[in-house]
Amino acid sequence: AAHLALARATTTHPHIRSVLAFHNRIAASRAWTHRLPAVYDQITDTTSTQRLTALHIDGTTDPADQHAALNKLAHPDEGELCVVSNCRVFAEGVD
């Protein structure tokens, strides 16, 4: 369901270029990230030129790899949608 919601949101709002996803289990985050490209390709318009980059980070990920993923999230290439799925790196909260 989350894959579908993401694909629909990016189709409806093509200006979305970065997404940070939260998961409560590392295995779930890895699996979600692994499945995302195939689901995204099936759901989005075949004429879309937006490329997907799906990355996973967690509390055990090497800090350099975490930094690289977050840098990609902050600065996606033109025509790219960067999705970083995380578990135990950031926490959800309310201001």
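Each chain has its residues counted from 1, following the order in which its sequence is written. The predicted nature of this model means local features are confined to residues of pLDDT at least 70 and side-chain atom pairs, given and counted, to a pLDDT of 80 or more, with totals for whole chains, interfaces and linings taken over all residues. The side-chain figures draw on all heavy atoms in the structure; neither hydrogens nor water molecules are used.

Caption draft 1: Quick peek at the environment of Leu6. Residue placement: Leu6 occurs in helix α1 (residues 2–12). When the C-alpha positions of Leu6 and Tyr40 are compared, they lie 8.2 Å apart, and in sequence the two are 34 residues distant. Those residues within four positions of Leu6 in sequence are excluded, and the remaining contacts are Val19, Trp32, Leu36 and Val83. Per the convention used, a helix needs a DSSP run of H or I reaching at least four residues, while a strand needs a run of E reaching at least two, with both numbered from the N terminus. The contact definition used throughout considers only heavy atoms, calling two residues in contact when any of these lie within 4.5 Å.

Caption draft 2: Fine view of the pattern of salt bridges. Salt bridges are defined as contacts in which a side-chain nitrogen from Lys or Arg sits within 4 Å of a carboxyl oxygen from Asp or Glu. Enumeration according to the criterion identifies 3 salt bridges in this entry. Between Asp77 and Lys72 there is a salt bridge whose closest N-O contact spans 3.1 Å. Residue classification places Asp77 among the partly exposed positions, given a relative accessible area of 40%. Think of it in three bands: with a 1.4 Å probe and only protein chains considered, a residue is buried below 20% of the maximum accessible area for its type, exposed above 50%, and partly exposed in between. When its relative accessible area of 23% is taken as the criterion, Lys72 is described as partly exposed.

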